[in-house]
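A look at the structure
The residues making up each chain are set out below.
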Amino acid sequence: MKAVVCHDGTLSVSELPSPRPGRGQVRLKVLRCGICGSDLHARHHSDDLADVAADMGYLGAMRSTDHTVFGHEFCGEILEYGPRCKKRAPIGSRVVAFPLRRAGEGIHPIGLSASAPGGYAEELLVEESLMVPVPDELSTDIAALTEPMAVGLHTVRRSKIRRGQIAVVIGAGPIGLAVVLMLKARGVRTVIASDYSAARRALAKRCGADIVVDPATESPIDYVEKRPGYFTSSVAAMRLLLRATEAANTVPVPLWQTWRALESLGIGPKAPVIFECVGVPGVLNSVITSAPIMSRIVVAGVCMGEDRLRLAMAINKELDIHFALGYTPVEFRKTVRMLAKKKVDPTPLITATVSLAEVDAAFESLASPDDHAKILIDPTS
């Protein structure tokens, strides 16, 4: 079979043996596979990623010296079951799969380990237990976006955002756009998306963002500050605190009872939820600096290098900072249902479809944010 192999940062089409499914595994014909930002990072920063994984106890992450087949965002057709499979879906069925696979004594991320070749190929292996059938009403192209959309779902769930809170999405790349889509599916009324690229701002608008901002000319936080109850200045917050205390003292009940009643009613400084979906050094610190007091920051952008944070600023503002990665098998399956029922429509994200021979050029195109958002690979073309 043909596959795109990454070795020392070079992508090339190679002829590889067709994979043989082991116990509980299924061989798929790859119908579509998305090019992920993680793939772009891994091409040139795989050793850094592997070092982080090793510090966490996983030694199977790809290295630059490995021959790795990328691709963890895929939709495929069942070709063959391995031994001891339950065969709940007939041969020829379309499926997606949570991208983990057994190999030897280990469990490896599909497409990010040389031990688990991914979907930049005509065929790949998946675990039957992690497969999810693709409903007839769901197109193959959209089904291939299950994985990045599941990242968006997990990120939004991790944020615990309420419908009435303001959401600010920094970065309108594929993950930022997935977050926008999932925020609107959750019913969040005000979503502000910020990106330097006019093309990506337009995509964010198509995905449901209520306000789009060019950070070169204005700050998305400016729109938050215009709403009553949001404060980036500690002086303004202290002034509100003093006024509230003075007002509470005019009520003929003890101060602490009045204060508790106000807290139970949710009266006090309001806080947005800010999603950092860029992953470039300096961006998170910029968010911390500009965030209103008591904001929640959810970091979904993967920063490959070390970064410096002004922690005193975060402490003084009492910011909640959460980090989000991946999704659970339950969220992955739920995403398939949401896509099938059109609760989210990621069609605007797909900007091109290429063959295996065109993957290297597609990586170069993705370096320009104005050209593409999500490129799909069709190994059959």
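Residues numbered from 1 in each chain as written. Predicted model: local features only at pLDDT ≥ 70, side-chain atom pairs only at ≥ 80, totals over all residues. Heavy atoms only, no water.

For the protein chain, an unreviewed UniProt entry supplies the name Alcohol dehydrogenase and the organism Mycolicibacter nonchromogenicus. UniProt, in its Cofactor (unreviewed entry) section for the protein chain, records the words "Zn(2+)". (UniProt positions renumbered as here; feature names shortened; annotations may be inferred.)

Under the defined criterion, the tally for this structure stands at six aromatic pairs. Look at phenylalanine 70 and tyrosine 120: their rings are 5.9 Å apart centre to centre, the planes differ by 90 degrees, and that puts the pair in the edge-to-face class. Of this pair, phenylalanine 70 sits in the loop between helix H1 (37–55) and strand S4 (73–81) while tyrosine 120 is found in the loop between strand S7 (106–109) and strand S8 (123–127), placing the two residues 50 residues apart along the sequence. Tyrosine 120 shares its class with phenylalanine 70; the two are buried. Centre to centre, the rings of tyrosine 120 and phenylalanine 363 are 6.3 Å apart; their planes meet at 85 degrees, and the pair counts as edge-to-face. Pair noted here: tyrosine 120 is in the loop between S7 and S8 and phenylalanine 363 is in helix H12 (residues 359–365), with a separation of 243 residues, a long-range link. For the pair tyrosine 120 and phenylalanine 363, one class covers both residues: buried. (Phe/Tyr/Trp six-rings, centres within 6.5 Å; stacked < 30°, edge-to-face > 60°. Helix = DSSP H or I, 4+ residues; strand = E, 2+ residues; numbered from the N terminus. Buried < 20%, exposed > 50% of the residue type's maximum accessible area, 1.4 Å probe, protein only.)

What follows is about helix H11 (residues 329–340). Every α-helix winds through 3.6 residues per turn, so residues three or four apart in the chain are directed the same way. With 12 residues, H11 extends 17 Å from end C-alpha to end C-alpha; this agrees with the ideal 16 Å at 1.5 Å per step. By the burial criterion, the buried members of H11 are Glu331, Phe332, Thr335, Val336, Met338, Leu339 and Ala340. For H11, the elements touching its buried residues are strand S5 (94–97), strand S9 (131–133), helix H2 (140–143), helix H3 (146–159) and helix H4 (174–186). Taken from the residues just after H11, lysine 342 is the one with a positive phi, measuring 60 degrees. (Expected span 1.5 Å × (residues − 1). Contact = heavy atoms within 4.5 Å.)

Okay, the pairing of strand S3 (residues 25–34) next. Two faces make up the sheet, and in a regular strand the side chains alternate between them. Counting buried positions along S3 yields nine of 10 residues, so the element is predominantly enclosed. Pairing geometry for S3 and strand S17 (residues 374–377), over two bridges, is antiparallel. Note that in S17 the partner of cysteine 33 across the bridge is isoleucine 377. (Pairing = 2+ DSSP bridges.)

This part is about H4. For H4, with 13 residues, the first-to-last C-alpha span of 18 Å sits near the 18 Å given by 1.5 Å per residue. All of the buried residues along H4 are Gly176, Leu177, Ala178, Val179, Val180, Leu181, Met182 and Leu183. For H4, the secondary structure elements touched by its buried residues are H3, strand S10 (166–170), strand S11 (190–194), helix H5 (198–206), strand S13 (273–276) and H11. One or two residues past the end of H4 sits glycine 187, with phi positive at roughly 95 degrees.

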